[in-house]
Amino acid sequence: MTNQSSKGVKRKATETERFLKNVGRSFKKKDWDKVLATCETALGKRPDFSEALFAAALAAYYRGDLALAASMAKEAFAVDRDVGEYADLLSVLFALAGDVNTSAYYAKLTHALPSVGRLRELIPGNFPNFSQAFQDVTESPLLHRGAEAMKRGDWSEGEDLFRQHIAFQLDSRDAHSGLGACLLSQGELRGAVEAFRAARHVFPADAQISSRLATTLTALGQFAEGRACHRWAEAQAPDDPAVRAAALMDGLYDPVARPGDLVASCRQWGERFAIDDSLRPDIPAARAKDRLTIGYLLGGQGAQPTGVALAKILAEHDSERFRTVGFGFGELSDTTNVVFQKCMGRWHDITAIDPVTFGTVVAAEEIDILIDVSGFSIPGLLTAFGTRMAPCQVAWMETPPGTGLPAMDYLLTDAFLDSNGAAAERYSEKLAFLELGSPVATPLMADEAPLAERDSDEITFGANATLRDIHPATVECWARVLHAVDNSKLILRNRGFRS
């Protein structure tokens, strides 16, 4: 490629000119992937090619990656600090990210540096200038957009936005927590572990982050590491019931934990964290009624895999004999709670409620039997059962080792989970046995055809096992089963083990 000089003599175009002309075509077509690919090729040959870094930063902005755009622009400015366009681009990007001080710093530099026409021509006409970006600046916009994405259940977008915010503000606890939550919601356990590990480096004394890391490690089957993180979290926050409850629940999956020790630990938890009995509201005395009011503390159960099955069970109440009141996160019309619409007569949003206020609401509803379905998954409200809120209080699901709370009257269980009747005295609650079993599992749908009869003598077992369910103890158990049953095999769900 050649250019005509002022004297009419042809000269060879420079590498920069060829690059800008080539990438300019992609800018006009708004082909940002092509722009980034062209820049990547150029940077592979010259890592300090500031014009390529600048073009890549602009393309990254239009791709919605503000963090990558700022990173590339900073590299360009580090290579050549005498270009006004580099400083101007940084001033706009940091304003869009909500960093007012850094944005203003680069804006001042812009006025002191010369402008390069060939770079100015590359900038699309709809790219915001500094005045526009600074005028519309908001605090932590990426963080807020990430939170909105989480509310919509768009975990992938939330992950991306939280990562971008962390790139601008490393010490954002909310962004680190949000990133871990988005990864967990997508089933990316290993990614969540790395996210919480990074957060723990930034916040080494934060008990809640250490607790989240411990629970995620346990979900991966890394029990020893999980126990270590739980011990650290409890040392940092010995008076936090949620931190201690997380360790107790993870103990249910730990192959070295003994059931008797778990029951004793849960009993200690209830005795220690039960709310002050003097704070209890005045409740109606227990009396015979033609129609009883049953309250269910459901929390976020509607979003759990067992939510639909639980709703089917609760829908079997005889409305003439029982009135039902549900307590959950969000409104009953919310997507996660809609499954309970046909089985709850009344509903209360307990998203931001404290234990004492919760007790007051329960008393106002004149509930006769209050059943906690959420258990240790929302330990803050579980502590409310330490005092008398209803004439009869029952624990079900999420608390198989019991609660240890003094005013919890019954623990719903079954003959399989508690086959040893002599061990009942270990619990602070009285045991109430359900004939069909106390765990909730999604039953076979009425319109689902049963498995067809097979001619083969082969017997196939299936296990919807997670990583924390696969360890030497369970492998030994399955090995005994498979060797005891001729022509049998075990199928596990594909959970991306190879990746």
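Up top you'll find the structure we're talking about.
Described below are features of the structure shown in this document.

The rules we used
- Residues numbered from 1 in each chain as written.
- Predicted model: local features only at pLDDT ≥ 70, side-chain atom pairs only at ≥ 80, totals over all residues.
- Heavy atoms only, no water.
- Helix = DSSP H or I, 4+ residues; strand = E, 2+ residues; numbered from the N terminus.
- Rg over C-alpha atoms; globule rule 2.2 N^0.38 Å.
- Buried < 20%, exposed > 50% of the residue type's maximum accessible area, 1.4 Å probe, protein only.
- Contact = heavy atoms within 4.5 Å.
- Areas by Shrake-Rupley, 256 points an atom, 1.4 Å probe, with all protein chains shown as cover.
- Lys, Arg positive; Asp, Glu negative; His and termini not counted.
- Charge placed at Lys NZ, Arg CZ, Asp CG, Glu CD.
- Core = buried A, V, L, I, M, F, W, Y, C linked by side-chain atoms within 4.5 Å.

### Things to note about the overall build of the protein chain
Here comes step 1: Along the backbone of the protein chain there are 20 helices and eleven strands.
Here comes step 2: A compact globule built from 499 residues should have a C-alpha radius of gyration of about 23 Å, whereas the protein chain, at 30 Å, is more than 25% larger.
Here comes step 3: Its C-alpha atoms give the protein chain principal-axis dimensions of about 105 × 65 × 45 Å.
Here comes step 4: Looking at the protein chain as a whole, 42% of its 499 residues are labelled buried.
Here comes step 5: Here the analysis covers contacts within the protein chain between residues at least 6 apart in sequence; of these, 60% occur between residues at least 24 apart.
Here comes step 6: About 27,100 Å² of surface is accessible on the protein chain, with carbon and sulfur atoms providing 52% of the total.
Here comes step 7: Distance between charge centroids for the protein chain: 9 Å, based on 53 positive and 66 negative side chains.

### Describing the nonpolar core
Here comes step 1: Phe19, Val23, Phe27, Phe54, Leu89 and Phe168 are the most contacted members of the largest nonpolar core, which totals 49 residues.
Here comes step 2: If you list the elements that add at least two residues to this core, you get helix H1 (15-28), helix H2 (32-45), helix H3 (50-62), helix H4 (66-79), helix H5 (84-96) and helix H10 (155-168).
Here comes step 3: Top contributing element to this core by residue count: H3, with nine residues.
Here comes step 4: In this structure, Phe168 is in contact with Leu66, Ala67, Ala70, Phe94, Ala97 and Leu142, ignoring residues within four places of it in sequence.
Here comes step 5: Counting 30 residues, the second largest nonpolar core, distinct from the first, contains Val325, Ile367, Leu382 and Met389.

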